[in-house]
Amino acid sequence: MRVLCAFPEAMPSSNSRPPACLAPGALYLALLLHLSLSSQAGDRRPLPVDRAAGLKEKTLILLDVSTKNPVRTVNENFLSLQLDPSIIHDGWLDFLSSKRLVTLARGLSPAFLRFGGKRTDFLQFQNLRNPAKSRGGPGPDYYLKNYEDARSLDKLYNFADCSGLHLIFALNALRRNPNNSWNSSSALSLLKYSASKKYNISWELGNEPNNYRTMHGRAVNGSQLGKDYIQLKSLLQPIRIYSRASLYGPNIGRPRKNVIALLDGFMKVAGSTVDAVTWQHCYIDGRVVKVMDFLKTRLLDTLSDQIRKIQKVVNTYTPGKKIWLEGVVTTSAGGTNNLSDSYAAGFLWLNTLGMLANQGIDVVIRHSFFDHGYNHLVDQNFNPLPDYWLSLLYKRLIGPKVLAVHVAGLQRKPRPGRVIRDKLRIYAHCTNHHNHNYVRGSITLFIINLHRSRKKIKLAGTLRDKLVHQYLLQPYGQEGLKSKSVQLNGQPLVMVDDGTLPELKPRPLRAGRTLVIPPVTMGFFVVKNVNALACRYR
């Protein structure tokens, strides 16, 4: 069902807002021979490149990309969004009609919008105008904070539809019968109502079931959760509009031993029932985070091992099944003000996007779009934060096809027992074919430089002597890495008005020019007219 997108004035106010150079030719050719052309497709992490002592301005990194075939192809909606159900509890639901908020969300489309989070398993659906009066139960404030009514669902769906997002609704999994099976009565009411409105929705059941015992005093094991998903599938099939609706789960937490056991039990029972297997990831304890934590390569690499753990279990039961990372956040406990919503947090976010695509994760859902804590993309005054602009650039420039990166350059000699970790991270994709500024066959690089010195990169092989468009994203203002504002190629990024995002203007670089990456910064580089075979066709 298509809905009418109208934008009445719905902006938060203080009164209405709830609390919350190259060497000679011979050396150049010799370096080219060192380009690695035999990388395995399984783990495409950027090769480690570092500066040798005393060679600060002589270090030149040679970069080429394999253009014949992609190593991975991810979902068109790879970068997607999440809204936490706390928007109902905290009174933010009415603000979904804000023209500014819809404009910001539409900028990140196409994408999925997952409605789920810690309050998922507290919400119940009541298709009544005044449930408290009808039931003779608790006062209306209780229902406003713990119930989703038809009006709430209408507003949520209207926001998703007007923003060009596909809604994924996470149902309450903690309503249980005496035998601990899932009580589906509230979910069935919601399904019938949304079907009557012809709402195109995909579904999920619960949120982080591995935490149920700790948070709610009731445990649900993997086998039982699998049975619950089969029950949900049986509810969807008789409803014509949802007979082929997608179902995702089980949305487990970080893959520790008990969580892996839960996933194993779930996959045995319901692995073939879900369209994608989902899990969550949090990098840092939000209570102790410091700005330098976001620059630690060891931290950036923690995700890679978790991906392999999830893939091992999934491929044991359903080889090739799609895997999604749902609800990724930089810091726990709702994040940390002036840190997890700052420019510094972007290093984790951009590296997450690069690493996930390289290792074959189909979709990543960012928690949260707005409202929840300080991990959001948009603040409580509906101003876009640094990670929003980073996401917008990613959406505009990056396509779903992942390409292999080959790097040659000077490296440090590792000491015994010491791991050399990558402080210069380079990822490559086909340029987004929806971006009409670039012809098909173009390639986009995105580069993270965590060094405290600039890095020079010379494009070689198929990328040699091509025109390049630079999109360099740096902090804006006196706060440096803690800044909540960013500049693109030296120009601050701000919305033009509530209905208009700014033009993302590149800086053209002449053909053959060396790319210079400033210290502790990140950027995107579109290599034009490469005519890459992997990128010419969808």
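Report follows, based on the coordinates. Worth saying up front: this structure is predicted, and the values here are computed from it rather than measured. (Residues numbered from 1 in each chain as written. Predicted model: local features only at pLDDT ≥ 70, side-chain atom pairs only at ≥ 80, totals over all residues. Heavy atoms only, no water.)

## Some remarks on the overall build of the protein
When you go through the protein residue by residue, the secondary structure sums to 14 helices and 24 strands. Among the 538 residues that make up the protein, the fraction classed as buried is 58%. (Helix = DSSP H or I, 4+ residues; strand = E, 2+ residues; numbered from the N terminus. Buried < 20%, exposed > 50% of the residue type's maximum accessible area, 1.4 Å probe, protein only.)

## A closer look at the nonpolar core
Looking at soluble globular proteins, one finds that nonpolar side chains tend to be buried together. Ranked by internal contacts, the top residues of the largest apolar core, which has 127 residues, are L83, W203, W279, F369, F370, Y388 and F524. Per-element tally for this core: the top contributor is helix α13 (residues 345-358), with 9 residues. Discounting residues that sit within four places of it in the chain, F524 has contacts with L350, L390, L393, Y394, L397, I398, T444, L445, F446, H469, Q470 and Y471. The next biggest cluster of nonpolar side chains, apart from the first, holds 26 residues, and it includes L403, V407, I426 and L445. (Core = buried A, V, L, I, M, F, W, Y, C linked by side-chain atoms within 4.5 Å. Contact = heavy atoms within 4.5 Å.)

## Structural notes on the state of the cysteines
All told, the structure shown has 2 disulfides when counted by the stated rule. With its sulfur 1.9 Å from that of its partner, C5 forms a disulfide with C162. Judged by the torsion about the S-S bond (-105 degrees), the C5/C162 disulfide is left-handed. Judged by relative accessible area, C162 falls into the buried class, the value being 5%. With its sulfur 2.0 Å from that of its partner, C430 forms a disulfide with C535. Disulfide C430 to C535: torsion about the S-S bond roughly -75 degrees, handedness left-handed. Separated by 105 residues along the polypeptide, C430 in strand β16 (residues 424-431) and C535 in the segment after β24 (521-527) bring together distant segments of the chain. Residues C430 and C535 agree in their burial class; the two are buried. (Disulfide = S-S within 2.5 Å.)

## Looking at the environment of G477
Relative to the assigned elements, G477 resides in the loop between β19 (468-475) and β20 (486-488). Separated by 15 residues in the primary sequence, G477 and P492 place their C-alpha atoms 9.3 Å from one another.

## As for the packing of aromatic side chains
Enumeration according to the criterion identifies 22 aromatic pairs in this entry. Centroid distance F159 to F369: 6.3 Å. Interplanar angle 40 degrees. Geometry classified as tilted. One end of the pair, F159, is in helix α6 (residues 150-162); the other, F369, is in the loop between β13 (363-367) and α14 (386-397), with 210 residues separating them in the sequence. On the accessibility criterion, F159 (0% relative accessible area) is buried. Under the relative-accessibility criterion, F369 is labelled buried at 0%. Members of the aromatic cluster, each reached through a chain of ring pairs, are W92, F95, F159, F369, F370 and F382. It is R366 that lies over the ring of W349; its NZ or CZ is 4.9 Å from the centre. (Phe/Tyr/Trp six-rings, centres within 6.5 Å; stacked < 30°, edge-to-face > 60°. Lys NZ or Arg CZ within 6 Å of the ring centre and 35° of its normal.)

## Re the pattern of salt bridges
Overall, the coordinates contain 13 salt bridges when judged by the stated rule. Of the charged contacts, one joins R464 and D465 as a salt bridge, the two residues approaching to 3.8 Å between their closest N and O atoms. Using a relative accessible area of 45% as the deciding quantity, one classes R464 as partly exposed. Within the structure, one salt-bridge network assembled from shared partners comprises D94, R151 and K155. (Salt bridge = Lys/Arg side-chain N within 4 Å of Asp/Glu carboxyl O.)

## Looking at the pairing of strand β9 (residues 247-252)
Counted residue by residue, β9 has 6 buried out of 6 residues, so it is predominantly covered. Note: strand β8 (residues 201-205) against β9, 2 bridges, orientation parallel. Bridge pairing in β9 places E204 opposite Y248. Bridge count for β9 against strand β10 (residues 276-279) is 4 bridges, and the pairing is parallel. By the bridge assignment for β10, Y248 is matched with A276. Once you follow β9 into helix α10 (residues 257-270) and on to β10, the crossover reads as right-handed. (Pairing = 2+ DSSP bridges. Right-handed = clockwise from strand over helix to strand, strands pointing away.)

## Side note on the side chain of Q306
On the secondary structure map, Q306 appears in helix α12 (residues 302-317). For Q306, the side chain forms a polar contact with the side chain of H281, separated by 3.1 Å. Apart from residues no more than four positions distant in its own chain, Q306 is found in contact with R254, P255, W279 and H281. (Polar contact = N/O pair within 3.5 Å; in protein donor to acceptor, adjacent residues only side chain to side chain.)

## A closer look at the sheet that holds strand β15 (residues 405-408)
The sheet built from 4 strands is open, its strands ordered β15-β1-β18-β23 with mixed pairing. Every interior strand has two partners, whereas the edge strands, β15 and β23 (515-517), have only one. Here the average twist between neighbouring strands, direction ignored, is 30 degrees. For strand β18 (residues 455-459) and β23, the ladder comprises 3 bridges, and the chain directions are antiparallel. (Axes fitted to C-alpha atoms, helices over the stretch in contact; angles between N-to-C directions.)

## Looking at the packing of helix α9 (residues 222-236) against α10
Their axes nearest at 7 Å, the elements α9 and α10 cross at an angle of 40 degrees. As judged from the angle between their axes, α9 and α10 are oblique. Pair α9 / α10 crosses with right-handed handedness. Each of G222, S223, L225, G226, K227, Y229 and I230 in α9 lies in contact with α10, whose residues at this interface are L262, G265, F266, V269 and A270. A breakdown of the residues in the contact of α9 with α10 according to their chemical character gives 7 nonpolar, 4 polar and 1 charged. (Parallel < 35°, antiparallel > 145°, perpendicular 65-115°, else oblique. Left-handed = near helix turned anticlockwise from the far one by under 90°. Nonpolar A, V, L, I, M, F, W, Y, C, P; charged D, E, K, R; others polar.)

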